[in-house]
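# Structural features, examined
Residues per chain, in single letters:
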Amino acid sequence: MKRGILQELGLNLADTNINYLGLPLFRSKNKDVNFNFILDNLVSKLHGWKMKMLSKAGLATLIKSVGLALLVYTMQTTKLSKKLASKIDGMVRDFWWGCEQGNRGLYLKAWDHLCLPKSREGSGFRKSMEFNQALLAKWGWALLTEDQSLCCRVLRAKYLKNKPLFEATYKDSDSWFWKNVVKSIDILRKGACKVISNGEETYVWKDPWVVHGKELYPKPITSCLERVTKVADLLTSDGEWDIPKLESLFNTETISDILKGGRPSSQGRDRWIWTKEGNRKFTTKSAYLIPALERAPSCVVAPALWNRLWNSKILERHKILWWGILSNALPIREILVKRIQIEDVTCPLCGEAEESMEHLFLYCNFAYHLWKSSPWGTPLTLVVGLGTGLNFFGT
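Small disclaimer: the values here were computed from a predicted structure and weren't measured. (Residues numbered from 1 in each chain as written. Predicted model: local features only at pLDDT ≥ 70, side-chain atom pairs only at ≥ 80, totals over all residues. Heavy atoms only, no water.)

### Brief notes about the overall build of the protein
In terms of regular secondary structure, the protein is built from 20 helices and four strands. Taking all 395 residues of the protein together, 42% fall into the buried category. Across the protein, contacts joining residues at least 24 apart in sequence account for 58% of those joining residues at least 6 apart. Of the roughly 22,600 Å² that the protein leaves accessible, carbon and sulfur atoms contribute 54%. (Helix = DSSP H or I, 4+ residues; strand = E, 2+ residues; numbered from the N terminus. Buried < 20%, exposed > 50% of the residue type's maximum accessible area, 1.4 Å probe, protein only. Contact = heavy atoms within 4.5 Å. Areas by Shrake-Rupley, 256 points an atom, 1.4 Å probe, with all protein chains shown as cover.)

Here it is as structure tokens:
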């Protein structure tokens, strides 16, 4: 088949490393070899930037707007291997922490932590594997909402064949693209939900349709004896919810969640919405946040306070500095002594106490005189109050 395609396109039979629209036309069994060009492009970009000439804010901007953006085009249609995604994350992580070839450097925060949302103590970077899944989930959403693009029509005709997307499977002989789309369905299950119009196309127990419920699926009562198939069976002749029937099937929490949605419109077909966005439309960002928030640890600093920091009208490099202070992500001796051997942990500026975050920025004599000589003329009471705030944040 490969030879026939090459002859039909008038391409050189000896050259099998052919790209079409920026992607390999043919895939080998070792898929990583086909996508080494991603690593090459990333290396050329990262090594072309002068790390020592940039602030942390500059590094963050380059990583988000250039470094990670290089991957988007490929990841929209291709599922990268875990090995390749790990290499990409490692290269970006080393760039962020200022590590060069031959110098392993010091990582003060795990990459998983940096890739959390800013409201959850992260830096807003993206893990390649999770972002790859979110981009592929966009194709699943297009199939779910019956998008009429040529690609979706082909996939529906060849693989779905009138089956619901959530019941889709794949065989070893299926195309790699279809396999990637099916693997992304798990993300859609956690955010896609049906809004009931007439209930004719929605199954009671198979489909998510409880929009205001935490799990989107209805919860039956233990003594449920009545069997229903479609949500239309739960409506009266005038389109209202059949309350006695709901009470015979579901627990009180589910009934309350169903009634919060109001009366079904009874006009047109049931339609899919995305519950992770206020406008009910699917976005790659909200799909990425699903696994990111699942692995996020409990926050010491409230998300609202993090949002207040990142939305404040101060310079970006000052925001990064505050993030480092509140996240314990600065190379002070109190932190370094837990990772490497240090003989002296006292403050190198005053030599009077251990170099902790509070001491360095608040209580050190050098820091205190800087505060006093600043244009704001910060009084001691304000400095002490700020220290109390830092203790409250758990730093």
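### Some points on a nonpolar patch on the surface
A cluster of nonpolar side chains, Leu349, Phe366 and Leu370, forms an exposed patch at the surface whose accessible area comes to about 310 Å². Judged by its relative accessible area of 47%, Phe366 is partly exposed. (Patch = residues over 30% accessible without salt bridge, like charges linked within 9 Å, V, L, I, M, F, W, Y side chains within 5 Å. Salt bridge = Lys/Arg side-chain N within 4 Å of Asp/Glu carboxyl O.)

### Side note on the packing of aromatic side chains
Counting across every chain of the model gives 15 aromatic pairs. Taken together, a centroid distance of 6.2 Å and an interplanar angle of 80° make the contact between Trp176 and Phe177 edge-to-face. Classification of Trp176 by relative accessible area gives partly exposed; the value is 39%. For Phe177, a relative accessible area of 12% puts it in the buried group. Arranged with centres 6.1 Å apart and planes meeting at 65°, the rings of Trp209 and Phe250 form a pair that is edge-to-face. In this pair, Trp209 sits in the loop between strand S3 (192–195) and helix H12 (243–249) while Phe250 sits in the loop between H12 and helix H13 (252–260), placing the two residues 41 residues apart along the sequence. Taken as a pair, Trp209 and Phe250 share a single burial class, namely buried. Following the ring pairs from residue to residue traces out a cluster consisting of Trp96, Trp97, Trp111 and Phe125. Of note, Arg126 hangs over the ring of Phe131, and the distance from its end group to the ring centre comes to 4.0 Å. A cation over a ring is seen here: Lys206 above Tyr203, with NZ or CZ 5.3 Å from the ring centre. (Phe/Tyr/Trp six-rings, centres within 6.5 Å; stacked < 30°, edge-to-face > 60°. Lys NZ or Arg CZ within 6 Å of the ring centre and 35° of its normal.)

### Quick notes on the environment of Leu216
With respect to the element layout, Leu216 can be found in the loop between S3 and H12. Along the backbone, Leu216 and Asp257 are 41 residues apart, and their C-alpha atoms lie at a distance of 9.3 Å.

### Let's talk about the side chain of Lys319
Within the secondary structure, Lys319 is located in helix H16 (residues 316–326). Within polar-contact distance, the side chain of Lys319 engages the backbone oxygen of Ser312 at 3.2 Å. (Polar contact = N/O pair within 3.5 Å; in protein donor to acceptor, adjacent residues only side chain to side chain.)

### With respect to unusual backbone geometry
The backbone of Asn162 shows a phi angle near 70°, a positive value even though the residue is not glycine. On the secondary structure map, Asn162 appears in the loop between helix H9 (150–160) and helix H10 (176–183). For Asn328, which is not glycine, the phi dihedral falls at a positive 55°. Looking at where Asn328 falls in the secondary structure, it is placed in the loop between H16 and helix H17 (333–336). For Asn328, a relative accessible area of 29% translates into the label partly exposed.

### Let's talk about helix H4 (residues 56–67)
By the burial criterion, the buried members of H4 are Ala57, Leu59, Ala60, Leu62, Ile63 and Gly67. On its buried face, H4 sits against helix H3 (36–48), helix H6 (82–96) and H16.

### Here we look at empty space enclosed by the protein
Applying the stated criterion to the full structure yields one cavity of 30 Å³ or more. In this model, the largest cavity occupies a volume close to 60 Å³. In terms of lining residues, the largest cavity is bounded by Gly213, Lys214, Glu215, Tyr217, Lys219, Glu253, Thr254 and Asp257. Residues belonging to the lining of the largest cavity are distributed by class as follows: one nonpolar, two polar and five charged. (1 Å grid on protein atoms, 1.4 Å probe; cavity = no way out; pocket = protein on both sides within 12 Å on 5 of 7 lines; lining within 4 Å. Points joined across faces, edges and corners; volume = space filled by probe spheres on them. Nonpolar A, V, L, I, M, F, W, Y, C, P; charged D, E, K, R; others polar.)

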